[in-house]
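# Examining the three-dimensional arrangement
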Amino acid sequence: MWNHHEAVLAGLPRSSNLAEGWHNGFAGMVATPNPSIWHFLDCLKLEQDITEWKMVKQQMKESPEPRRKKWIEYDARLQALIEDYDNEEDKLDFLQRVGTLMSV
């Protein structure tokens, strides 16, 4: 967690693992643990269409999809906690509040 301290203060993403986000989205698209080869290929084709659509949007200088309100609010609460870290006397209490925030 502490390796993200500066990233949170700067408003940067806490993760650089873009593959994890893609994998979660693709797994949701496949929606079955053992897809047939035909279903899997259909999902790959759909993913290719989505990727090409995003590339066209980017070339047209359209703004990216907005972040979900839930994550914007989560980031704001986490940043407020992190900004108050230096003023915190009870570090264990601070860590418990961060843990509570992360479990929500």
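In what follows, the structure referred to is the one given above.
Now for a description of the structure that goes with this document. (Residues numbered from 1 in each chain as written. Predicted model: local features only at pLDDT ≥ 70, side-chain atom pairs only at ≥ 80, totals over all residues. Heavy atoms only, no water.)

### Overview of a nonpolar patch on the surface
- Residues I37, W38, F40, L41 and L44 make up a contiguous nonpolar surface patch of about 490 Å² in total accessible area.
- Residue classification places W38 among the exposed positions, given a relative accessible area of 63%. (Patch = residues over 30% accessible without salt bridge, like charges linked within 9 Å, V, L, I, M, F, W, Y side chains within 5 Å. Areas by Shrake-Rupley, 256 points an atom, 1.4 Å probe, with all protein chains shown as cover. Salt bridge = Lys/Arg side-chain N within 4 Å of Asp/Glu carboxyl O. Buried < 20%, exposed > 50% of the residue type's maximum accessible area, 1.4 Å probe, protein only.)

### As for the side chain of K57
- Structurally, K57 can be placed in helix α3 (residues 37-59).
- For K57, the contacting residues outside a window of four places in its chain are E62, S63 and E65. (Helix = DSSP H or I, 4+ residues; strand = E, 2+ residues; numbered from the N terminus. Contact = heavy atoms within 4.5 Å.)

### A closer look at the packing of aromatic side chains
- By the definition in use, this model includes four aromatic pairs.
- Plain terms: the ring middles of W22 and F26 are 5.0 Å apart, the flat faces sit at 10° to each other, and that makes the pair stacked. Taken as a pair, W22 and F26 lie in helix α2 (residues 18-30) at a separation of four residues, close to a single helical turn.
- You can call W22 partly exposed: its relative accessible area is 42%.
- Given the relative accessible area of 8%, F26 is considered buried.
- Put simply, the rings of W22, F26 and F40 touch in pairs and so form one group of aromatic residues.
- If you follow K91 out to its NZ or CZ, it ends over the ring of Y85, 4.0 Å from the centre. (Phe/Tyr/Trp six-rings, centres within 6.5 Å; stacked < 30°, edge-to-face > 60°. Lys NZ or Arg CZ within 6 Å of the ring centre and 35° of its normal.)

### Looking at the nonpolar core
- In terms of nonpolar packing, the biggest core is built from eight residues, these being V8, Y74, L78, L81, I82, F94, V98 and L101.
- Where this core is concerned, the elements lending two or more residues are α4 (69-83) and α5 (91-103).
- Counting residues per element, this core draws most heavily on α4, at four residues.
- Discounting chain neighbours no more than four positions away, the residues touching L101 are Y74, R77, L78 and L81. (Core = buried A, V, L, I, M, F, W, Y, C linked by side-chain atoms within 4.5 Å.)

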